[in-house]
Amino acid sequence: MTCFDRRDLGLLLLRAGTGGVLAAHGTQKLFGWFGGHGLEGTGQWMESIGYAPGRTSAAMAGAAETGGGLLLALGLATPAAGAAAAGAMAGAAAVHAPQGFFAQSGGYEYAASLGLTAAGLAVTGPGRLSLDHLLGHALNKGWMVPAVFAAVGAATACVVGSRNRRVRKQQEGVQEPLFEE
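Treat the numbers as computed from the prediction; the structure is a model and nothing was measured. (Residues numbered from 1 in each chain as written. Predicted model: local features only at pLDDT ≥ 70, side-chain atom pairs only at ≥ 80, totals over all residues. Heavy atoms only, no water.)

Taken together, the side chains of Phe31, Trp33 and Phe34 present a nonpolar region at the surface, about 390 Å² in accessible area. The topology assignment puts Phe34 in the loop between helix H1 (6–31) and helix H2 (38–48). Residue classification places Phe34 among the exposed residues on the basis of a relative accessible area of 60%. (Patch = residues over 30% accessible without salt bridge, like charges linked within 9 Å, V, L, I, M, F, W, Y side chains within 5 Å. Areas by Shrake-Rupley, 256 points an atom, 1.4 Å probe, with all protein chains shown as cover. Salt bridge = Lys/Arg side-chain N within 4 Å of Asp/Glu carboxyl O. Helix = DSSP H or I, 4+ residues; strand = E, 2+ residues; numbered from the N terminus. Buried < 20%, exposed > 50% of the residue type's maximum accessible area, 1.4 Å probe, protein only.)

Right, let's get into the nonpolar core. Ranked by internal contacts, the top residues of the largest apolar core, which has 13 residues, are Leu22, Leu72, Met89 and Ala118. Of all the secondary-structure elements, those providing two or more residues to this core are H1, helix H3 (54–74), helix H4 (78–96) and helix H5 (109–124). The greatest single-element share of this core, amounting to five residues, is contributed by H4. If near-sequence neighbours (up to four positions away) are discounted, Leu72 is found in contact with Arg15, Gly19, Leu22, Thr78, Ala81, Gly82, Ala118 and Leu121. Grouped together as the second largest cluster of nonpolar side chains are eight residues, Ala58, Ala61, Ala94 and Val95 included. (Core = buried A, V, L, I, M, F, W, Y, C linked by side-chain atoms within 4.5 Å. Contact = heavy atoms within 4.5 Å.)

This brings us to the side chain of Ser130. Position of Ser130 among the secondary structure elements: in the loop between H5 and helix H6 (131–134). For Ser130, the side chain forms a polar contact with the main-chain oxygen of Gly127, separated by 2.7 Å. Dropping the residues within four chain positions of it, Ser130 is found in contact with Arg15, Leu74 and Gly75. (Polar contact = N/O pair within 3.5 Å; in protein donor to acceptor, adjacent residues only side chain to side chain.)

Take Asn140: it is sitting in the loop between H6 and helix H7 (144–171). Looking at Asn140, its side chain comes within polar contact range of the side chain of His137, at 2.9 Å. If sequence neighbours within four positions are ignored, Asn140 has contacts with Thr78, Pro79, Pro126 and Asp132.

This is the structure in structure tokens:
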């Protein structure tokens, strides 16, 4: 079948929308575009929330979001692109988790939505309206999905775990009031 179907069009829309949002979000960190703070400002903020060193953390998060987003939008190296973006969003969700689920309360809803969509695209594949398809799926093999998710999952667990230990250590010794005044 050479005709594109609804599935291919739907995957293209999901890839373009999710990838575009991720890429824009990442360029805020890397270049200060779209009202972002660039590497310096984002690095200071990342340091303040427990990701250290801050500038390196900002660069890695920005690269995963920008690169993963652009590759998802193009449908190129889809397993790696989706896994990288999902890993970055897991790191963001860890920061927002204490505020609950909903974004209106500062929760992790937005990061979870982007991450799950990116992961879903990595698993499903890009469809026929993609560079992966055009290149004969050289960068989109079935074995790549578990391999990149294992690698990104391990790296994300280390980074988020290290961040969580830093945050707990900062909070040690801070006594909560026993009684409300």
